[in-house]
There are 2 protein chains.
Amino acid sequence: MKPTVHDIARSAGVSLATVDRVLNGRPGVRAVTRSKVEEAIAALGFVRDLAAANLAKSRTYSFVFILPDYDNSFMKGLRREVVAASERASTERTEIRIVAVPHFDPHALVAALEEVLADKPNGVAFVAIDAPEVREIAAKLNEAGVPMVTLVSDLPASSRDHYAGIDNIAAGRTAGSLLGRFLSGREAQVAVLAGSMLVRDHRERVEGFLAVMAEAYPNLRVLPVIEGRDDSALVEEKVSEAFEVTPGIAGIYSLGGGNRGLLRVLRKVPVEARPVVVAHDLTDATRAALGEGIIDAVLNQDAGHEVRSAVRVLKAKADGLPVIEAQERIRIDIFLKDNLP
Amino acid sequence: MKPTVHDIARSAGVSLATVDRVLNGRPGVRAVTRSKVEEAIAALGFVRDLAAANLAKSRTYSFVFILPDYDNSFMKGLRREVVAASERASTERTEIRIVAVPHFDPHALVAALEEVLADKPNGVAFVAIDAPEVREIAAKLNEAGVPMVTLVSDLPASSRDHYAGIDNIAAGRTAGSLLGRFLSGREAQVAVLAGSMLVRDHRERVEGFLAVMAEAYPNLRVLPVIEGRDDSALVEEKVSEAFEVTPGIAGIYSLGGGNRGLLRVLRKVPVEARPVVVAHDLTDATRAALGEGIIDAVLNQDAGHEVRSAVRVLKAKADGLPVIEAQERIRIDIFLKDNLP
DNA sequence: CTGTTAGCGCCTTCAA
DNA sequence: TTGAAGGCGCTAACAG
């Protein structure tokens, strides 16, 4: 049988209370006594039963998830996953509160984080905006000892404990390689369609993409980035325009939202003239387009994985436990029509 | 506060013991009493605290993992992951016993499963061999109520509760599409390198690959499957031979082990004559080759994910709890040199 | 500084 | 068929 607090109390010749004080690093124990207990712990190889401890403490974990109030497919899916996680969590003495903030609004995010700082929950996860004010409040939260996970979009060189999201530079590179290989050697022009170059993840995807183009595909000329603001209608308009101005577009990297607009344009292009398309985010629209052969590859980040990972990490941090790095690494999923889930 | 057994005992006007009997479906309760209790449970929305229950029962989960005693990179990695999982599990009242069996030996596997049947642990995970004897003992285990997960290789139409592994037909199709696209339209010959066509996952990969070739790439001629028995030396020999017999090989799908042998041959091929190569399993060797550009894409199944998933599923089954399907789906990871972990 | 005692939420004898 | 009481491993008052 695994040793319990009773065993080490007996072995060290002290009472349960003293063992507990040592275990939890509470004051009021003479150094001699403390070391007696510590020796017993080491000798018996005692590890405390977290479940029993939590039961005794009636401990409940309280986490806050701050999500942008944004209505594209990805954010909707992310929200759904957080809600699902929160429902499951309630069975396990874990309460997840969801806070919505206006999107792309650093001040709103800061305000939400300030409330968190006042609340002092056991952890907070949020979709970061890379702005000085945000970094500042993040530093404060860190000092206050609130475990912090950035979700989907990171805060560089910050005081967050963990980032649950993909490497966007690598994603851009991956898209570049796929497009380059699929176009194999043809002299051609390639369009890049982003949401907004003000958003860090989009910038990084473009950066990675352009790097690969420059390194490996001199035959491809990349047109100026089109910003569609993740908005189908605007995307449709701008892409149509691009096709008129540059009839020879042979490849498209769509790294933001609004793919429905893109697809409306593509469906009008004669089959033999269709460009190779690599897009982001597996949604009903992109999935269908992949099946039809209108999109050639979809890069995806698994929102469910990101949320579950964030919860696991917050719990581990709250307990001072180690994280299984490999489990928490968010993959850049590549989907062809053949490996759709 | 969430309701506890006390609350429902009071609300139903019975004792704790009776509530417990109803909760655990034990006999010795009059139907009237039972329904009183059930009403209270429903009315208060009671859900039992599994952690507390397990503590009271001093419950420990006992799982058995049966792994082939096989020494390629993948199986070594798998074993490592099971060991790691077993170490973590010991903290959580979960004991994982690892049993090694000679590989490709249905009888040995059956013998191991028979011991499991005698033992009746709370769950068993094993790398299946698709043979009638195995299906038979699996059916018996199922009848005996032992939760069962197949790992890496499945048992079709069987009585397993869950399969923790990839869809190998889809993997073959994915490889086919990548190779087809990377070779874009060239008239060429393609070699397929398998371990053994006696193993189900290899057969399925070939099947998926050939299907895509037939459907979408009439320009590519697929040479007869080379069986390298997952053995570097043999692979090297047979691939060398293939290159002599068919100098024009422009693509290779390596779906089994022994990639080191393949790489030795490829490194001798003049750069301009190098074939497009899609291989399976991310190992030190394939990772390096991906970086060098000798391999173009690697398909991978994450052994760590498979093992953690198997443990989670076994625990859920043992507790009669639902499984989060999306979490347990094992992806076909596609790695280019740009998205290596 | 240290020990005693009473729980946390649930399960399990043992009596009635 | 039902209930009372004690315990799982740990924590937290409250006394000494």
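- Chain A appears in an unreviewed UniProt entry as LacI family DNA-binding transcriptional regulator from Neorhizobium turbinariae.

What to know about the overall build of chain A
- Of the regular secondary structure elements, chain A holds 14 helices and 12 strands.
- Expected size for 341 residues packed as a compact globule is a radius of gyration near 20 Å; at 25 Å, chain A overshoots this value by more than 25%.
- C-alpha atoms of chain A, sized along the principal axes, occupy 85 × 40 × 35 Å.
- Considering chain A as a whole, with its 341 residues, one finds that 52% of them fall into the buried category.
- A sequence separation of at least 24 residues applies to 68% of the contacts in chain A between residues at least 6 apart.

Side note on unusual backbone geometry
Residues and elements named next belong to chain A.
- Located in the positive-phi region is serine 58, a residue other than glycine, with phi close to 45 degrees.
- Tracing the chain through its elements places serine 58 in the loop between α4 (50–57) and β1 (61–68).
- Taking the relative accessible area as the measure of exposure, serine 58 reaches 47% and is therefore partly exposed.
- The phi torsion at valine 152 lies on the positive side, around 70 degrees, for a residue other than glycine.
- Checked against the element boundaries, valine 152 lands in the loop between β4 (148–151) and β5 (162–164).

Topic: the domain arrangement of chain A
Residues and elements named next belong to chain A.
- Entries for chain A in the domain assignment read domain 1 (5–44), domain 2 (52–165 + 302–328) and domain 3 (168–300).
- With 12 residues of domain 2 at the contact, the number on the domain 3 side is 10 residues.
- In this assembly, domain 2 packs against domain 3 so that about 770 Å² is buried in total across both faces, 47% of it on carbon and sulfur atoms.
- Applying the counting criterion to the domain 2 and domain 3 interface returns 1 salt bridge.
- Taking the shortest distance from any N to any O, the salt bridge between aspartate 130 and arginine 200 comes out at 2.8 Å.

A few points about the protein's contact with DNA strand D
- Of all residues adjacent to DNA strand D, which total 27 residues, the nearest are A:Val5, A:Asp20, A:Arg26, B:Arg21 and B:Thr33.
- For DNA strand D, the fraction of atoms within 4 Å of the protein that belong to sugar or phosphate moieties is 68%.
- Contact distances for DNA strand D include 2.4 Å between a phosphate oxygen and a side-chain N or O atom of A:Asp20.
- B:Arg21 has a polar side-chain atom sitting 2.7 Å from a base nitrogen of DNA strand D.
- Listed by contribution, the elements that provide at least two residues to the surface near DNA strand D are α2 (16–23) and α4 of chain A together with α2 (16–23) and α4 (50–57) of chain B.
- Ranked by residue count, the leading element in the surface near DNA strand D is α4(A), at 4 residues.
- Classifying every residue of the surface near DNA strand D by side-chain character gives 12 nonpolar, 7 polar and 8 charged.

Quick look at the sheet that holds strand β3 (residues 123–126) of chain B
All names here are of chain B.
- Here 5 strands make up an open sheet; going across it, the order is β2-β1-β3-β4-β5 and the pairing parallel. If you trace the sheet from one side to the other, it starts and ends with β2 (94–101) and β5 (162–164), each paired once. Averaged over all neighbouring strand pairs, the angle between strand axes comes to 20 degrees, with direction disregarded.
- Taken together, the 8 bridges between strand β1 (residues 61–68) and β2 define a ladder with parallel strand orientation. By the bridge assignment, proline 68 is partnered in β2 with valine 101.

Concerning the relation of the copies chain B and chain A
- Overlaying chain B on chain A yields an RMSD of 0.1 Å, the required transformation being a rotation through 180 degrees with an accompanying axial translation of 0.0 Å. In symmetry terms, the pair is related by a two-fold rotation axis.
- When the interface residues of chain B are mapped onto chain A, 100% of them are again interface residues, pointing to one common binding face.

What about the pattern of salt bridges?
- In total, this model carries 36 salt bridges over all chains according to the counting rule given.
- Residue B:Asp319 pairs with B:Arg59 through a salt bridge whose shortest N-O separation is 3.4 Å. Of this pair, B:Asp319 sits in helix α13 (residues 303–319) while B:Arg59 sits in the loop between α4 and β1, and the two are 260 residues apart along the sequence.
- Through salt bridges with shared partners, a single network forms among A:Asp130, A:Arg135, A:Arg200 and A:Glu204.

Remarks on the sheet that holds β5(A)
Residues and elements named next belong to chain A.
- Judged by pairing direction, the sheet is parallel, and its 5 strands sit side by side in the order β2-β1-β3-β4-β5 without closing on themselves. Bordering the open sheet on either side are β2 (94–101) and β5, each of which pairs with just one other strand. On average, adjacent strands in this sheet sit at an angle of 20 degrees to one another, irrespective of strand direction.

Some points on the protein's contact with DNA strand C
- A:Arg21, A:Thr33, A:Ala56, B:Val5 and B:Asp20 are the nearest of the 26 residues found near DNA strand C.
- In the model, a phosphate oxygen of DNA strand C is placed 2.5 Å from a nitrogen or oxygen of the B:Asp20 side chain.
- Within the backbone of B:Ala52, one N or O atom sits 3.3 Å away from a base nitrogen of DNA strand C.
- Elements that contribute at least two residues to the surface near DNA strand C include exactly α2 and α4 of chain A together with α2 and α4 of chain B.
- No other element matches the 4 residues that α4(B) contributes to the surface near DNA strand C.

Here's the deal with the pairing of strand β9 (residues 249–254) of chain B
All names here are of chain B.
- Where burial is concerned, most of β9 is hidden: 6 out of the 6 residues are buried.
- Where strand β6 (residues 188–194) meets β9, 5 bridges bridge the pair, whose relative direction is parallel. Bridging from a neighbouring strand, valine 190 pairs with glycine 251 of β9.
- Regarding topology, helix α11 (residues 259–268) serves as the crossover connection from β9 to the parallel strand β10 (residues 276–280), and that connection is right-handed.

About the thresholds
- Residues numbered from 1 in each chain as written.
- Chains lettered and ligands numbered in written order.
- Predicted model: local features only at pLDDT ≥ 70, side-chain atom pairs only at ≥ 80, totals over all residues.
- Heavy atoms only, no water.
- Helix = DSSP H or I, 4+ residues; strand = E, 2+ residues; numbered from the N terminus.
- Rg over C-alpha atoms; globule rule 2.2 N^0.38 Å.
- Buried < 20%, exposed > 50% of the residue type's maximum accessible area, 1.4 Å probe, protein only.
- Contact = heavy atoms within 4.5 Å.
- Domains from an automatic or database assignment.
- Buried area = accessible area lost by both parts, 1.4 Å probe.
- Salt bridge = Lys/Arg side-chain N within 4 Å of Asp/Glu carboxyl O.
- Near = heavy atom within 4 Å.
- Polar contact = N/O pair within 3.5 Å; in protein donor to acceptor, adjacent residues only side chain to side chain.
- Nonpolar A, V, L, I, M, F, W, Y, C, P; charged D, E, K, R; others polar.
- Pairing = 2+ DSSP bridges.
- Axes fitted to C-alpha atoms, helices over the stretch in contact; angles between N-to-C directions.
- Least-squares fit on C-alpha atoms with pLDDT ≥ 70 in both.
- Right-handed = clockwise from strand over helix to strand, strands pointing away.

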